[in-house]
Amino acid sequence: MQRRHEDIKFADVNNDIVRSLVETGPRYYVTLAIAVLITLACFFFPWFYQLYYGIGAAGMNHPTVWGTYLASFIFWIGLSHSGTLLSCVLHITNSEWRKAMYRSAEAMTLFSLMVAAMMVMVHVGRPWFIHWALPYPNQMELWPNFRSPLMFDVMAITTYLTGSSIFIYMGSIPDFAAVRDRTTGWRHHMYVLLSLGWRGTDTEWHRLGWAYTFLAVLIIPLAVSVHSIVSWDFAMSIVPSLHQTIFAPYFVVGAIYSGTAGIVTVMFVLRKYMNFEHYITKVHFDNLGKLLLALSLIWTYINVVEVFTGWYSNDSAELESLRYKLFGFYAPLYWEMILFCAVAPLLLISKRFRTSFVPMLILSIAINIGMYTERFLIVGTSLSRQYLPDSWGVYVPSLVEISILVGSIAMFCTLFLIFVKIFPSVSIYEVKETLPAPDEGKTQWQATH
Amino acid sequence: MSLIDDFLARWHEYRRPGYYEEFDYHWTMTVDLDRCTGCEACVTACQAENNTPIVGEDAIARGRHMQWMRIERYWEGEYPDVKLRAIPMFCQHCDAAPCETVCPVSATYHNQDGLNAQIYNRCIGTRSCAVYCPYEVRYFNYNNHHWDEPLDQQLNPDVSVREKGVMEKCTFCIQRIRQAKDAAKDDGRRRVQDGEVQPACVQTCPTEALVFGDRKDPDSAVSQMLGNERAYTVLEELNTDPSVVYLKKVDADAA
Amino acid sequence: MPNVDRRNFLKLVGAGGVGAGAGFMLSESRKHPVEHLVPYPVPPEEFSPGIATWYNSVCSMCSAGCGISVRTREGRAKKIEGNPAHPVSQGRLCALGQSGLQALYNPDRITGPLVRAGRRGEIEFDPTTWEESFAELANQLELMRTAGRGGGVALLTGGVRGHLASLLELFMGWLGSDQLLHYDFNHPATLYAANERFFGESNLPYYDIENSRYVLSFGADFIGHWLSPVHHGLGFGRSRQARDGDRGRFVQIEPRMSLTGAAADEWIAANPGTEGVLALGIARRIVDQGGYQGTDLDAWQAALDGYAPDAVAEQTGVLPDTVARLADSFAETQPGLAIGGGAPANHSNGVDALVAVNALNHLVGNIGVEGGVIFNPPPAFGPEASRHASLARMLELAEDARAGRIELLIVSNTNPVFNLPEASGFAEALADIPQIVSLSSFLDETTAHADLVLPSNTYLESWGDDTPSPGVGFRVGAVSQPVVEPLYDTRATGDIVLELAHRMGLDLAFPWPNMEEYLKYSWREVWSNGTPDPSIPDFDTFWTSVVRAGVWGDETRAPGGEFVPDAGVVEGIGVGAPEFAGAEGEFPYALHPYLSNGLHDGRGANLPWMQELPDALTGVVYGTWIELNPETADELGLSDGDVVAIESPAGAIEAPVLVYPAIMPGVVAMPIGQGHEEYGRYAEEHGVNPINVLAAETEPATGALAWAATRVRLVPTGGRADLVRVSGEARELGREIVQIADAGTPAAAVNAPAVAAAGAGAPGVRLASGARAAAGIDAPTAGAEAATANTRLNSIPITVVNT
Ligand SMILES: Nc1nc2c(c(=O)[nH]1)N[C@H]1C(S)=C(S)[C@@H](COP(=O)(O)OP(=O)(O)OC[C@H]3O[C@@H](n4cnc5c(=O)[nH]c(N)nc54)[C@H](O)[C@@H]3O)O[C@H]1N2
Ligand code: SF4
Ligand code: SF4
Ligand code: SF4
Ligand code: SF4
Ligand code: SF4
């Protein structure tokens, strides 16, 4: 039975969402099993092989010492951007349509950050010493290098991860309590712990609201800083075509762009497979579509600026980098990126397009493929064509790298699948805020029970 | 307040480029391109001295050669007026080394002798230093290397063999510098004298194109070379302030 | 870290010792191998763990004979550097010379005597013992000798000099055989012949590049591999930058730019095989311009009559203006030097061409002067007559084999099956020899044909001596001592010969127990013939000091004086058109094979460092390629990596194309060195051997293989092979990486500053002081100082044992 959003009753919300947590069909288990298997087979197995053999299992070489692992790292960090950031912005601006989608969007942030952290582990040559990049007191008085943008990265990402974890958790407390009250057995005990004794008193609501807003305000600059800092890993080098002042906004916009597209994908999946059709509606897709269009235009603008600045510099190294990007070995990828991220999104001008679910899904996936390509090109084309032409080289990802990329997507899915069974993936209380207050009496309550 | 003062003092110290304002020695190499023939004796000398591995044909095909010293070849003109310009390329031991700032764990840093040092057992293998180095002279161990027995017996015991996941590059043959400093100390002398230390590549170069020494000693051979008007540094516009100074190739037929 | 087992380690430790001390120590330890544990608290006196010991010796990787200093630690050789006291290398070494370590520690060395188990030509052997091998072989030799069939024994070795050569002569003399041949692909036979003809002196002269102001080289890649590349490198560097305002000019004439061509100021491509004609064109211009005023001017004018500018231009393809310019500047810029080698020397008209080059030196008065051609005195020791075998001589040997005149062939340290063209039929002729014995460290293509393999030591495990050729204008002798205990159950060639002689009952003729004793015995003569010096009271002191210094010399240079060629010689000057195997119509391209910088004539192919040393001009590793002019490649529609069949009248091979910007259209070039079928894991299955398609064409005057005289055609196969190269884009794109200065810039005249400063009078840095060091008179000090110089270079404390 198809219901309209306005028709949803308060109690329905609880029912639907709690059902999504406790009622688990075989389809879920099969999906989870597949995701776990792919994660193991495509991510962990090749990674262990790489740990044994060395980074040589990947295709990187001299001079292209960075490859898909780092591209994936930026990609996942980027994807993490829309979630919490968007949620915060929309929270502060009191956007109603946020409420049905922010929880899963925030989860996306969390999980893409985790996958990104895994990509760092996969990327470095000796992950077993990765803790050396953390500032911890030690006898040798050895500290990380605080001048290194990589170090800033470590700081920014851990802060962002902490911030967004707290944010999503704090926002979920009332829902945990709601679920606590409607579950039994181990679940009940788990939610007892998770809900931290939430009783729903006015004071509690008041404090939650205050803290939530406070965090939202805090997280916005944090999120912006994270991708700016990631961009500095590149921009603070003197590699032609990486050493650019536009890199910070470029990365931030790119991140929000791919993150928003990611949200569209996730919304579609949740809507379809978790039966949230009446919570996640055309309104959401329409609004996200508008946002995507705006981001796409900004992104395109920055790309034009990037090309133009390179060309205008009239510097041999910059020009060659540019020529190589546009017409060299990887040129097909460049034009694919332009098609997916600059041209195709123009379809979003049409409202009919924005409110059609499947086309939106396809576009959102295309945008993310394009955005992945962008990250790959940032690494690949720039490092292949640096200052000394005698050292130029071409980099082609190996099977191990491709497999790990696929595996990382599966890992993200796995985490998400686990999430939807623990966290109410649509915020119960905030969705209720968008509904008309329930009538007096028991009729409606009875009707739904 | 003293805590803050202390912090500020440390911060100031820390902010100084390269940590060292003044070097004990300022090791410098000059490469006279008018002498260098591109014969590559230096390439093998470096490989022999520094235990750089034999990587095999496949690895080289995949762009994973490991020789710290390489000869870059640039052709100019077309047949028959064609010229080959060869240039030895190895770590330039930049005094403003981009590779040093980026290393998250300070595995590569500037030492008190003006060398760009590489601490293998501190390196976690992010390869960022190789990205930041504009001279492309950093080589990463994509895997462990193997010397078919008994080739391993030729390994220089004064130089460690690097494991997978670690970055490496020309060290200016730091083991030889150390030994020279130790010997100078044992002799009761205060400083290493000019000519007491020669990196392997310098030692073998048949055309004497390479000269190595302490720039702080105004009488050293290398200081004299630096005074030559042909002296220049590669990619000077990047302001890396290299410790390897090239002497321009002479074109006898140029005006 | 290397995995060394304790037993070997301690055995190696037994090789400890410094300088001469090492020698005695070694011979002792060989008799009584140190196998018991040496407790560390009481280490052997000569050996300190963690402290390097240096031994001076001689490089045997090519025929230049550079002096080396080998750094050892805990009884293992760790690094080879040049011996600063040796006047040839003066502390420097080439890439190949440094790789000698990988010959020593090569995993594919033969570890003990072997007997054939399978068919000839296949590597199928069973282990045997020295005792058995010696007993059988000596028995066979003795039977042949006493039966008067000694002439049926042939001994074929690589280039050998010094007392080992004398010993081999003596041995073959006792056998009654004159089949003693040295075969070396790179032996400059035509140069010897040309010098004999022009100078009446068959030795190689000393080319004083260092003091020369103008070097006109006809095909000689003297920086890459020709004669004495390390010494030439020193000369090149100093000529370039040692004299303020007087930078030496280098002109290279060759169809394909070599390393020397690339280093030269001017590279000129003349039609292959016409370089001699060009030399005579230059000569004629010099004579015409009045640059030559000898009494035999008329004879010269007559001889050069046919070399008018137009005729020369017609033949060589070099414009008359260029010829005139070269002639004028060569005549003007004194002292100058004309040298010839490489392809022009190995063409059908090779000797004539080199005579023409010699003539140039004579015409401008560059003979016997500093910066010109300086005659070397006869070698200090070793046989007088050269036993170097030309292709013709090798074919004779093959013929003798086919006719059943060779009963036993002993091959030592040479690989003719690889280094002779297939067309010579040499490999097949081996089948007709009943017994083949190989003295070799490696199972190479020739050893694959042996019935008995007696593994020889590498040079780093052997005693020997050497008279470098070309020398440095004065007498030099060098002693080569073992720097480590032999790794395996192998013996030095000299010791094998002596052992055979002893077992044949020739003790009276060969009274020396081993090579070391033979050397000491022979050097007594060198000592007594030398300038007497009161500071050296006895031979032992002399010997110790020579071994320690690694080199000995007599710095008197042959007097310069007037040189006048015989009238007949001048009359006979003339260079005919080159003759190629293969008609131009059918085979449109002249094949220009060249020795590669690391692999040399193929001997370096089993050294992984050399396989991974990027080709100096193309950056290729591990392969063979064929170089085409860009225009030629365009015409044929070929680009890098396209595989072509290279077909000559003598055979066909396939190789990928590499478009090379500095080669004449009409010429294709291929590096020699790869294409080994045997010779160990590093050598096998890489590239092809261009020698295989060479016609067995000879230079008529010498019978030498004219390896530059084969024409080929190229047939695209449609296949692709990716050449493994370390280099990316070969154009600078205006990035000013290699910057260029004007000719007028002041010189950076710092010669080997570090060594000079370190040694503070340490020998061997400059030629003159090197000579002094090498001279017997102050050898003990020289030895000590040589060691000290080395020590200081690396600042490793050294223990000096005073004997
Ligand atoms: N806690 C503590 N610290 C101390 C001391 C103490 O008593 N207690 N004593 C101090 C003193 S006096 C000293 S001397 C130092 C000693 O300090 P270290 O030099 O660290 O001595 P160990 O830890 O005994 O051994 C070093 C390593 O050598 C390895 N090893 C053993 N045999 C061999 C061999 O044949 N070859 C090689 N390559 N390795 C080998 C061992 O496995 C071990 O890993 O420690 C000092 N520090
Ligand atoms: S050894 Fe000397 S001449 Fe040869 S390539 Fe190296 S620097 Fe140049
Ligand atoms: S050349 Fe490269 S590796 Fe060496 S100091 Fe400079 S930036 Fe660092
Ligand atoms: S690869 Fe090693 S040295 Fe280079 S930046 Fe990373 S940790 Fe530092
Ligand atoms: S200075 Fe030493 S480490 Fe550097 S290139 Fe020369 S030999 Fe190699
Ligand atoms: S030139 Fe010949 S003798 Fe000299 S170091 Fe090189 S290989 Fe050895």
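To be clear, the structure that these remarks concern was listed above.
Since we're looking at a predicted model, the values are computed, not measured. The written sequence of each chain sets the order in which its residues are numbered from 1. A letter from A marks each chain and a number from 1 marks each ligand, given out in the order of writing. With the structure being a predicted model, the display of local features is reserved for residues of pLDDT at least 70 and the display and counting of side-chain atom pairs for 80 or more, all residues being used for whole-chain, interface and lining totals. Derived side-chain values reflect all non-hydrogen atoms in the structure, with water molecules and hydrogen atoms excluded from consideration.

**With respect to the nonpolar core**
Nonpolar side chains in soluble globular proteins tend to be buried together. This is how the line gets drawn: Put simply, buried Ala, Val, Leu, Ile, Met, Phe, Trp, Tyr and Cys residues joined by side-chain atoms within 4.5 Å make one nonpolar core. Buried means the residue's accessible area, taken with a 1.4 Å probe over protein chains only, is under 20% of the maximum for its type, while exposed means over 50%, and partly exposed covers the values in between. Strands are runs of DSSP state E lasting at least 2 residues, helices are runs of H or I lasting at least 4, and numbering of each runs from the N terminus. Throughout, a residue-residue contact means that at least one pair of heavy atoms, one from each residue, lies within 4.5 Å.
Grouped together as the largest cluster of nonpolar side chains are 257 residues, with contacts concentrated most on Phe234 and Phe416 of chain A together with Ile87, Phe172, Val234 and Tyr246 of chain B. The dominant element in this core, judged by the number of residues it contributes, is helix α8 (residues 247-273) of chain A, at 14 residues. Not counting chain neighbours up to four residues away, the residues in contact with tyrosine 246 of chain B comprise Val31, Leu33, Ile87, Pro88, Met89, Phe90, Gln92, Arg230, Ala231, Tyr232 and Val234 of chain B. The next biggest cluster of nonpolar side chains, apart from the first, holds 69 residues, and it includes Phe199, Leu204, Leu297 and Phe375 of chain C.

**Quick notes on the packing of aromatic side chains**
To keep it simple, the criterion reads: Aromatic rings from Phe, Tyr and Trp, with only the six-membered ring used for Trp, were paired whenever their centres fell within 6.5 Å, and each pair was classed as stacked if the ring planes differed by under 30 degrees, edge-to-face if by over 60, and tilted otherwise. Should the NZ of a Lys or the CZ of an Arg lie within 6 Å of a ring centre and within 35 degrees of the ring normal, that charge is described as sitting over the ring.
A full pass over the atoms with the stated rule returns 72 aromatic pairs over all chains. Pairing tyrosine 324 of chain A with tyrosine 330 of chain A gives two aromatic rings, centres 5.9 Å apart and planes at 80°, and the pair type is edge-to-face. For the pair tyrosine 324 of chain A and tyrosine 330 of chain A, one class covers both residues: buried. Linked through ring pairs, Phe75, Trp76, Phe111, Tyr169, Phe176, Tyr191, Tyr372, Phe412, Phe416, Phe419 and Phe423 of chain A together constitute an aromatic cluster. For arginine 256 of chain C, the ring lying beneath its charged end belongs to tyrosine 594 of chain C, and the centroid distance is 3.7 Å. In this arrangement the basic side chain of arginine 491 of chain C is found over the ring face of tryptophan 130 of chain C, its NZ or CZ atom lying 5.0 Å from the centre.

**Here's the deal with the site of ligand 5**
Residue and element names in this part refer to chain B. Applicable threshold: Residues are counted as near a molecule or strand when any one of their heavy atoms sits within 4 Å of it. Amino acids outside the nonpolar list (Ala, Val, Leu, Ile, Met, Phe, Trp, Tyr, Cys, Pro) and the charged list (Asp, Glu, Lys, Arg) are all regarded as polar, and Gly is one of them.
The environment of ligand 5 is made up of Met29, Cys46, Asn50, Trp68, Met69, Cys170, Thr171, Phe172, Cys173, Pro199, Ala200 and Cys201. Elements supplying a minimum of two residues to the shell around ligand 5: α2 (41-50) and α7 (200-204). Residues of the shell around ligand 5, tallied by class, amount to 10 nonpolar, two polar and no charged.

**Details of helix α5 (residues 130-146) of chain C**
All names here are of chain C. To keep things clear, this is the line we draw: By definition here, a helix of n residues has an expected span of 1.5 Å times n minus one. By arc we mean the arc of the directions from the helix axis to the C-beta atoms, nothing more.
Between its first and last C-alpha atoms α5 spans 23 Å; for 17 residues at 1.5 Å apiece the expected length is 24 Å, and the two agree. Restricting attention to buried positions, one finds in α5 the residues Trp130, Ser133, Phe134, Leu137, Ala138, Leu141, Glu142 and Met144. Axial view of α5: buried residues confined to an arc of 160°, hence all on one face. What points out from α5, more than 90 degrees from its buried face, is the exposed set Glu136 and Thr146. The secondary structure elements touched by the buried residues of α5 are β6 (153-157), α6 (162-175), β14 (408-412), β15 (435-440), β16 (452-455) and α18 (493-503).

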